[in-house]
Each structure stands twice: as structure tokens, then as C-alpha cells.
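Residue strings, one per chain:
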Amino acid sequence: MKKIISSLALTIILTAALAAQDATIYLWRNIKGMEKQPSVMFMHKPVEGSPNTRTAVIVCPGGSYHHLGLKSEGNSTATWFSQNGVTAFVLKYRSAESLYHHPAMLQDIQRAIQLVRENAEEWNIDPNKVGVIGFSAGGHLVTMAGEFWQTHDEIAKLGIPCSVSLRPDFTVPVYPVVTMQDDIAHRWSRNSLLGKGKKNQTQERKDEFSMELNVPADMPPTFVVVCDDDPVVIPENSLRLYAALQEKNITCHLAHYEWGGHGFGMKDCPFMDEFHWNEELHVWLKDLGFME
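The following paragraphs examine the structure supplied in this document. All chains use their own residue numbering, which begins from 1 and follows the written sequence. Per-residue local features of the predicted model are confined to residues with pLDDT of at least 70, and side-chain atom pairs are confined, for both listing and counting, to 80 or more; whole-chain, interface and lining totals are unaffected and use all residues. In computing side-chain properties, one takes all heavy atoms of the structure into account and sets aside hydrogens as well as water.

**Quick notes on the overall build of the chain**
Point 1. Broken down by element type, the chain carries 10 helices and 8 strands.
Point 2. Over its C-alpha trace the chain gives a radius of gyration of 18 Å, about what one expects of a compact globule, namely 19 Å for 292 residues.
Point 3. Along the longest, intermediate and shortest principal axes, the C-alpha atoms of the chain span 50 × 45 × 45 Å.
Point 4. Of the contacts formed within the chain by residues at least 6 apart in sequence, a portion of 77% connects residues at least 24 apart.
Point 5. Residues counted as positive are Lys and Arg, residues counted as negative are Asp and Glu, and His and the chain ends are not counted. Where a charge sits is defined by one atom per residue type, namely NZ (Lys), CZ (Arg), CG (Asp) or CD (Glu). Counting 26 positive and 34 negative side-chain charges, the chain places the centres of these two groups 10 Å from one another. Helix numbering and strand numbering both begin at the N terminus, where a helix is a DSSP run of H or I of at least 4 residues and a strand a DSSP run of E of at least 2. We take the radius of gyration over the C-alpha atoms and set the globule estimate at 2.2 Å times the residue count to the 0.38 power. The contact criterion used throughout is that any non-hydrogen atoms of two residues lie within 4.5 Å.

**Focus: the packing of aromatic side chains**
Point 1. Ring pairs shown here join Phe, Tyr and Trp side chains whose ring centres sit within 6.5 Å, with only the six-membered ring taken for Trp; geometry is labelled stacked below 30 degrees between planes, edge-to-face above 60, and tilted in between. In total, this model carries 14 aromatic pairs according to the counting rule given.
Point 2. Plain terms: the ring middles of phenylalanine 135 and tyrosine 175 are 5.9 Å apart, the flat faces sit at 50° to each other, and that makes the pair tilted. Of this pair, phenylalanine 135 sits in strand 5 (residues 130-135) while tyrosine 175 sits in the loop between strand 6 (171-174) and helix 6 (187-194), and the two are 40 residues apart along the sequence.
Point 3. You can call phenylalanine 135 buried: its relative accessible area is 0%.
Point 4. Taking 5.3 Å as the distance between ring centres and 55° as the angle between the ring planes, the aromatic pair formed by phenylalanine 223 and tryptophan 284 counts as tilted. Of this pair, phenylalanine 223 sits in strand 7 (residues 222-227) while tryptophan 284 sits in helix 10 (residues 277-287), and the two are 61 residues apart along the sequence. Comparing phenylalanine 223 with tryptophan 284, the two get one shared label, buried.
Point 5. Three or more aromatic residues joined by ring pairs make a cluster, and in this case those are Phe135, Tyr175, Tyr257, Trp259, Phe264, Phe271 and Phe275. The classification of residues rests on relative accessible area computed with a 1.4 Å probe and restricted to protein chains. Under 20% of the type maximum is buried, over 50% is exposed, and intermediate values are partly exposed.

**Description of the nonpolar core**
One broad trend across soluble globular proteins is that nonpolar side chains are buried collectively.
Point 1. The definition of a nonpolar core used throughout is a set of buried Ala, Val, Leu, Ile, Met, Phe, Trp, Tyr and Cys residues joined through side-chain atoms within 4.5 Å. Ranked by size, the top nonpolar core spans 56 residues in total, and within it Met41, Ile58, Phe89, Leu91, Ile109, Val116 and Met144 carry the most contacts.
Point 2. Among the elements that line this core, the one with the most residues is helix 3 (residues 104-118), at 8 residues.
Point 3. Setting aside residues no more than four positions away along its own chain, valine 116 makes contact with Met41, Ala56, Ile58, Phe89, Trp123, Ile125 and Val130.

**Concerning the layout of surface pockets**
Point 1. Quantified by volume, the second largest pocket comes out at close to 200 Å³.
Point 2. The rule is simple: put a 1 Å grid over the protein atoms alone, call a set of points where a 1.4 Å probe fits but cannot get out a cavity, call an open set with protein on both sides within 12 Å along at least five of seven lines a pocket, and count a residue as lining if it has an atom within 4 Å of a point. Lining of the second largest pocket is provided by Pro38, Ser39, His67, Leu68, Leu70, Lys92, Tyr93, Arg94, Ser95, Glu97, Ser98 and Tyr100.
Point 3. In the scheme used here, Gly and all other residues not listed as nonpolar or charged are polar, with Ala, Val, Leu, Ile, Met, Phe, Trp, Tyr, Cys and Pro taken as nonpolar and Asp, Glu, Lys and Arg as charged. Residue classes in the lining of the second largest pocket are distributed as 5 nonpolar, 4 polar and 3 charged. Grid points are joined across faces, edges and corners, and a volume is the space filled by probe spheres set on the points.

**Regarding the pairing of strand 4 (residues 87-92)**
Point 1. Within strand 4, 5 of the 6 residues are buried, leaving the element largely enclosed by the surrounding structure.
Point 2. Taken together, the 5 bridges between strand 2 (residues 40-44) and strand 4 define a ladder with antiparallel strand orientation. Bridging across to strand 4, methionine 43 finds its partner in phenylalanine 89.
Point 3. The pairing of strand 3 (residues 56-60) with strand 4 spans 4 bridges and is classified as parallel. Looking at the pairing, isoleucine 58 lines up with phenylalanine 89 of strand 4.
Point 4. Remark: the strand 3/helix 2 (residues 70-83)/strand 4 crossover connection has right-handed handedness. One bridge is not enough; two strands pair if DSSP finds at least two bridges between them. Here is how to tell: hold the view so the strands point away, follow the path from the first strand over the helix to the second, and if it runs clockwise the crossover is right-handed.

**Structural notes on unusual backbone geometry**
Point 1. Cis geometry marks the peptide bond from histidine 102 to proline 103, where omega comes out at 15°.
Point 2. You can see proline 103 is positioned in the loop between strand 4 and helix 3.
Point 3. Non-glycine residue tyrosine 65 carries a positive phi angle of around 60°.
Point 4. Here tyrosine 65 is to be found in the loop between strand 3 and helix 2.
Point 5. The phi dihedral of leucine 99 is positive, around 70°, even though this residue is not glycine.
Point 6. Inspection of the secondary structure puts leucine 99 in the loop between strand 4 and helix 3.

**Some remarks on helix 2**
Point 1. Every helix has an expected span of 1.5 Å times one less than the residues it contains. Here helix 2 contains 14 residues, and its C-alpha end-to-end distance of 18 Å stays within 8% of the 20 Å for a straight helix at 1.5 Å per residue.
Point 2. Glu73, Gly74, Asn75, Ser76, Thr77, Ala78, Trp80, Phe81 and Ser82 are the residues of helix 2 that are buried.
Point 3. Residue glycine 85 follows helix 2 closely and has a positive phi angle near 85°.

**Things to note about the sheet that holds strand 4**
Through backbone hydrogen bonds, the strands of a sheet pair up, either in parallel or in antiparallel fashion.
Point 1. With respect to topology, 8 strands assemble into an open sheet ordered 1-2-4-3-5-6-7-8, the strand pairing being mixed. Two strands bound the open sheet, and with one partner strand each, they are strand 1 (23-26) and strand 8 (252-257). For this sheet, the mean angle separating the axes of adjacent strands, direction not counted, is 20°.
Point 2. Examined bridge by bridge, strand 5 and strand 6 share 4 bridges and lie parallel to one another. Bridging across to strand 6, valine 132 finds its partner in threonine 171.
Point 3. What counts as an axis is a line fitted to C-alpha atoms, over the stretch in contact for a helix, and the angles between N-to-C directions run from 0 to 180 degrees. Contacting strand 6, strand 7 and strand 8, helix 8 (residues 236-247) crosses the sheet at an angle of about 155° to strand 8.

Next up, the structure:
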């Protein structure tokens, strides 16, 4: 009986998740040499009656660059944005679980930004209002998108014509992996991104992919979220990123909480009930003109 109930519950959950998705976009369809890449993004259109913000956000779940928390960090976040008039795209980017390392992840988010902007008119999106939000390793990925859009243009390297900017208009790293330095690096994420072994993890590469060391002058406005009791990613990661943003005079905000742990995303949990961090994000995005 328990197995039957569990199966029924799973069916209901999957059906609800599928119903919430308005479209599945295959990132590399019809791109020569990339056709077999599995990367997709799931579109969640603004719900009927929500404000017409014409803003879009690409959601990057975490998972140590090894796997993806699509439900807890992806779908819950997309639902909140869509309820507030924002078109959300949950990005299922390639990860080490399927034997992918850099540059696969950066290729995927840059391609996602390209597709959203190129299809902006059809999807009722303002191409100047396309942001990114990511959790844990996904927070590192969206920060790379904000920092590396010119210096690491993976779309150009693939020879794909691109007439739009790959720079996000805002960046939201939540309890992010930030540094690759030995003292506080999240090593599982580092291994998954760069590959294991001294050859893949030279000091030069650690520096190159340490986000606090590479903030450009044109970094998008950035909203960083961190909890002091995070047991997974050492909170100092976020503090180093925030300090680097301030040093470069980037528009930024630090949502800093005493407790909350790691992995809460936007799902219903004690931390959300107590602090409602997404309401703080809402105010920040409203002040910048991205939400109403």
C-alpha cells in the first residue's frame, strides 16, 4: 500500500511540474557539432494577472557542478518569479555527473542568454531586462556569466553567430561557491568544474576561476545571499565576493542572515518563513526597474 501511495504521490508531483512548464527549449538544436548535447531550459511564463514586467531570469540550480537541484532550487524559484510577472527559464546545464567539465557549463548559460535575447520579441521580453540567478555552484556559474561575458566568450569560440550581448542585466548568486583557492574552496565543485588532478588545478586555473579575483568594471548589479551557519559552502566565499564588488564600485547588495543553512532555494522551509529573503530580492529588483 505504501509503495502504491508513494508512486501516486510521485506521479502527482511530476504532473504538476510538467504542467507548470510552458515550453522546453533545447539549447544546441541545429548547431553543427553540438546537436547531441543534452542541455535544455524550461520556460515558465508569467501567470495570468501578474504584472507585465517584460523581465526574464535564467535560473541555475546548484549541485556542486556534479548534479542539479532542479526541483528545490529550480522550479520553486521559477514559480515565484512567474507569479511576479517575470518569465523564468530553469537551465538544465551540463555537469560532471555526465562527465562534463568547463567550458560546458559556461557554454550553456551563455547560449541560454543568447536564445532569450534573440527570441525576446516572440516571448514578450525586454532584451535589456535579462538576468540570472543561481544557487551554490549555480551561484558560481551566474557570477561567471556576469564576469566572463567578454573575456571568455564561449559562443564565439564555437563559431556561432551572435548579434546580442551575453552580459546579464542583473546577477543573483545565492549561498554561492565563489573561490577556487585552497583555504575555503568547495572542493567537490572545484573538481567537478575543472577536473581532478594537479594538471587541471594549477594555481593559474584556481585564480582564473576564483570569482572574487576577476570582477570587471562592467559587472552587472549583483545581489548576494549568505547564511552564517552554511555547512556546505564556507560563508567567507560570499563575503569575499561582496568585498570585491564593493572595491570595484559595482551596484551590489548583501543579504546576510545569521541562520538558514544551505539549499533552501525558494521552497517552503523554516528559513523562508522567518526571513522571506525573496521579498528583499523583490525590493532590490523593483528599485532597479526589473520588477513591479
